[in-house]
Amino acid sequence: MRKITASPVLISFLSCFLLAGCVNIKPTYTKEQAAESIAGLCRKEYNIDVKAWLVGETVWVYMALPRIFGKDLLIDKSQLEKVNKVMISSSRVMLSMNPRPQFVVIVASDTREYGLDYTFITYIADILKLQNQFISRDEFMRRNVIKLNNDHRALGDAEGSHINKKELDLDYFVCEQITQRIHQHFINEPQTKDKFKIDKVLSRFNGDILKVSYNIRLKDGQSSPVDILRDIKKIIAYVVSAYDLKNLFAVKIDNVLTQEEFLMSRVELRELLR
Amino acid sequence: MNIRRIKYYLKIGVKLYWIRFLVITGLLTLAISLIFLIVSGLKAWNESESYLRQSQMAVFPLQIYMQIVMGFIFALIYTTLWYWMLFKKGGGFTQVVKKAVGGKDLGITWSDVIGMDEAKQEALEIVKLIKDRAELQRIGGKILRGLLMLGPPGCGKTYLAKAIATEAGLPFISMSGSEFVEMFVGVGAGRVRSLFTKARMLAELEGGCIIFIDEIDAVGASRSVDTGFGGQTEHNTSVNQLLVEMDGWKEKDLNIVIIGATNAPMSFLDRALLRPGRFDRKIYVDKPNLEDRQKLLAYYLKKIKYDEQDVKIDRLARITVGSSPADVANLVREAALIAVRNKSVLVTMKDIDEARERITLGIKRRIKLRKEERLQTAYHEAGHAIVTYLLIPTQDVFKITITPRGHTGGVTWTPETEEIFIRDQKQLLGKIKTYLGSYVAEKIQFGITTVGVDTDFAESLYIAHSMAWRWGMGKSGIIGNYEQLDSYLWSSRGMLISEEVKRRLDEDVQDIMQTCLKEVTLLLESEKILLDRLATELVVKEELNFDEIEAIFKECGKLRPVQS
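Residues numbered from 1 in each chain as written. Chains lettered and ligands numbered in written order. Predicted model: local features only at pLDDT ≥ 70, side-chain atom pairs only at ≥ 80, totals over all residues. Heavy atoms only, no water.

1. A closer look at the sheet that holds strand E2 (residues 172–176) of chain B
All names here are of chain B.
- The five strands are arranged E2-E3-E4-E1-E5 in an open sheet whose pairing can be described as parallel. Bordering the open sheet on either side are E2 and strand E5 (279–284), each of which pairs with just one other strand. In this sheet, neighbouring strand axes are inclined to one another by 20 degrees on average, regardless of whether the strands run parallel or antiparallel.
- Both E2 and strand E3 (residues 209–214) contribute to a ladder of five bridges, which runs parallel. Opposite Ser-176, over in E3, you have Asp-214 as the bridge partner.
- Of the strands in this sheet, strand E1 (146–150), E3, strand E4 (256–262) and E5 are in contact with helix H5 (residues 117–131), which crosses E5 at around 155 degrees.
- Sheet strands touched by helix H7 (residues 157–168): E1, E2, E3 and E4. Its angle to E3, the strand with the most contacts, is close to 175 degrees. (Pairing = 2+ DSSP bridges. Helix = DSSP H or I, 4+ residues; strand = E, 2+ residues; numbered from the N terminus. Axes fitted to C-alpha atoms, helices over the stretch in contact; angles between N-to-C directions. Contact = heavy atoms within 4.5 Å.)

2. Quick word on the sheet that holds strand E2 (residues 58–65) of chain A
Residue and element names in this part refer to chain A.
- Spatially, five strands are ordered E1-E2-E3-E4-E5 in an open sheet, and the strand pairing comes out mixed. Every interior strand has two partners, whereas the edge strands, strand E1 (51–55) and strand E5 (145–150), have only one. Taken pair by pair, the neighbouring strands of this sheet meet at an average axis angle of 20 degrees, ignoring direction.
- Pairing analysis gives seven bridges linking strand E3 (residues 103–110) to strand E4 (residues 116–123), with the strands arranged antiparallel. Across the sheet, Ile-106 pairs through a bridge with Phe-120, a residue of E4.
- Of the strands in this sheet, E3, E4 and E5 touch helix H6 (residues 170–187), which is tilted by about 80 degrees from E5.

3. Brief notes about the domain arrangement of chain A
All names here are of chain A.
- Its domain assignment divides chain A into domain 1 (34–168) and domain 2 (171–272).
- With 14 residues of domain 1 in contact, the opposing surface of domain 2 contributes 10 residues.
- Of the roughly 1100 Å² buried between domain 1 and domain 2, counting both surfaces, carbon and sulfur atoms make up 52%.
- Sorting the residues of domain 1 by area buried against domain 2 places Arg-142, Arg-143 and Val-145 first, and these three jointly supply 43% of that buried surface.
- For the pair domain 1 and domain 2, the interface holds two salt bridges.
- Between Lys-147 and Glu-176 there is a salt bridge, with the nearest N and O atoms lying 3.3 Å from each other.
- At the surface where domain 1 touches domain 2, the tally comes to eight residue pairs in polar contact (both at pLDDT 80 or more).
- Within the residue set of the side of domain 1 that touches domain 2, elements represented by two or more residues are E4, helix H4 (124–131), helix H5 (137–143) and E5. (Domains from an automatic or database assignment. Buried area = accessible area lost by both parts, 1.4 Å probe. Salt bridge = Lys/Arg side-chain N within 4 Å of Asp/Glu carboxyl O. Polar contact = N/O pair within 3.5 Å; in protein donor to acceptor, adjacent residues only side chain to side chain.)

4. Let's talk about unusual backbone geometry
Residues and elements named next belong to chain A.
- For the peptide bond that leads from Asn-98 to Pro-99, omega is -5 degrees, which places it in the cis range.
- Phi is positive for Asn-47, which is not a glycine, with a value near 55 degrees.
- By the secondary structure assignment, Asn-47 is in the loop between helix H2 (34–46) and E1.
- Using a relative accessible area of 67% as the deciding quantity, one classes Asn-47 as exposed.
- One non-glycine residue, Gln-259, lies in positive phi territory at about 60 degrees.
- Here Gln-259 shows up in the loop between strand E8 (250–255) and strand E9 (260–265). (Buried < 20%, exposed > 50% of the residue type's maximum accessible area, 1.4 Å probe, protein only.)

Structure follows, in structure tokens:
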């Protein structure tokens, strides 16, 4: 009589389960239809009308909000919620797409009262890192570049025609993020709050050299609780290491106030993080 | 009509097959809910975006893998836990966890068993029987099953059992009778079974096994009818199992010898246990006699450093009448401790005397008696001492103290000079007189007495009562053990002793007490000078030792009566 053994069945069954992770799943959205997909999802799931464009590797999403800012010029919470929902929709589309674009830029414009543009730039890789819990939600929020521009052309613009929809690259994003982080560090951190006055912070790439110029000085009667240069160096080092900028050769830091310049290699930056 | 019939069949069907209905309904509910969950899960899967599906698929193998690993870990933990609970930790109540010790590993030889020559002789014969079992069986002799050791505590029953095991060279399993006792019915019997199963295995492997059950009365007491609470049933079951294991039907007749030890009287044990074929031999391990005490003292003193010029073993043996081997060992140990405390290099007789006092009389209490109380106590103790000294030749007046010790205000220590196994009427009366000495002395000196006579009266009255009620020593001439009759009261139809007999016996008791009282009163009145002298000395010194007491008596011209 033939002996029936359970082991081959069990092994095949287990193999199927264990190999399930290798299954290729067809992406729900395509890159070509990214703009339509985001607009459709926002309308279908959140009943929010947005305009979207794909410019190279950047998806631009425009939302006309008649009253994004209140009388005290603070962002209205309900409007911010809408921006957040659009962000979620955009993320869902971006993540369920292969290949994916690199950036999502959401521009929420106050089209009735002030003519202000609230711009929110997100790097798609950061969304993935957040989803896979490689970074925290706080860190994710710090990585997003948020800008607020006064543009009178926004008034009455329901189609997003006033925004300059260009393709963004990682160098631009990193520079903007460094500038934003330096601002936040010297203005919003508890230990530096109300102690410094920032006249200028500018980051830009000059070939393979990242140049950061700053003019930060102590307010009258305040003593410095931190080493400004060292903190700036640390911020730069952190951002450079987070995005692993391969084409970066050196960083040049220019203190506009003292006219001092500092040049740092990648190795020195790495040392700073230890 | 059809509906009625359907209803009827349904009713009958439910009554008959309700478990089947319940199981099928449960299974159907599970199957339907599972189908529903699968369908809704597939629907959600199809509607979800590719990233979500991909994330799920990515973690799925990991989840399966972790579940398999966790499954293994939990299976291992549960298996170990259940195994431990069922087979290791007391074997789920009914298993015996005792490990057998090899006979040779016990290391207690005959030479280590001091004294008890008769018991040793008996034990030696038993060892011979265990060893020559094959020879015995060849000539058709019946093999030895069990050996029961009886006797007071601390006399070396366990020691003797160990020596038997060592000499026989067989594995030795030691258990206490109380280890078989649990609150659950059947546990005791289970443990007995488990013990004998283990012993049988060892016997097959090693050619024999000795089971030693200490305090066997805990498991082998007489069986009786349960009063309804189950405790007796449990006990009966344990005894029954023990009986079966000792001499029941067995596939193989293995060389297993059971040694039981108890301090309880033999009558306390179940009669079936005592019959030949179970506990075939009974050894009475009694307290050591003078010679044995000498050997014991020599054995224990050899282990410490003592002053050989000062410590006289023969004298020590004479003054430790009634001590068990454990008491002797304790005395030597205590003396060594006292010597260390006194920073002595060698143990002296003084240390041993102090140790004796401490063990027998208890530690001194730190209470201060008033002047009157000291005087009352001094006369009380002097009364005891004079009566003992002049009337009881078999007891030494070893020490008198009015320092409170234990629960007493004072003590007169009168150890026996020799073992007395059977007391006669004269000795009993002497005891009563000794007890009454305190009362009479107080009465003569103060005209009133104290509560200190409480224990003295209780003891003397009990002796007088026993003399009249049990031993036919009353003046009325009534003979018979009337106290024993009480035990037949349940089986008799009415009272067994008439009120008249009781009255007469009680009169006899009081007559004994009064006669003794008169004699003691006469004695102490005539020895008033001695009484005063002794009491005064006691008040001054608080404690009088043997030599001081002797000196006072000699000073007053009193000599001890010669023992007849």
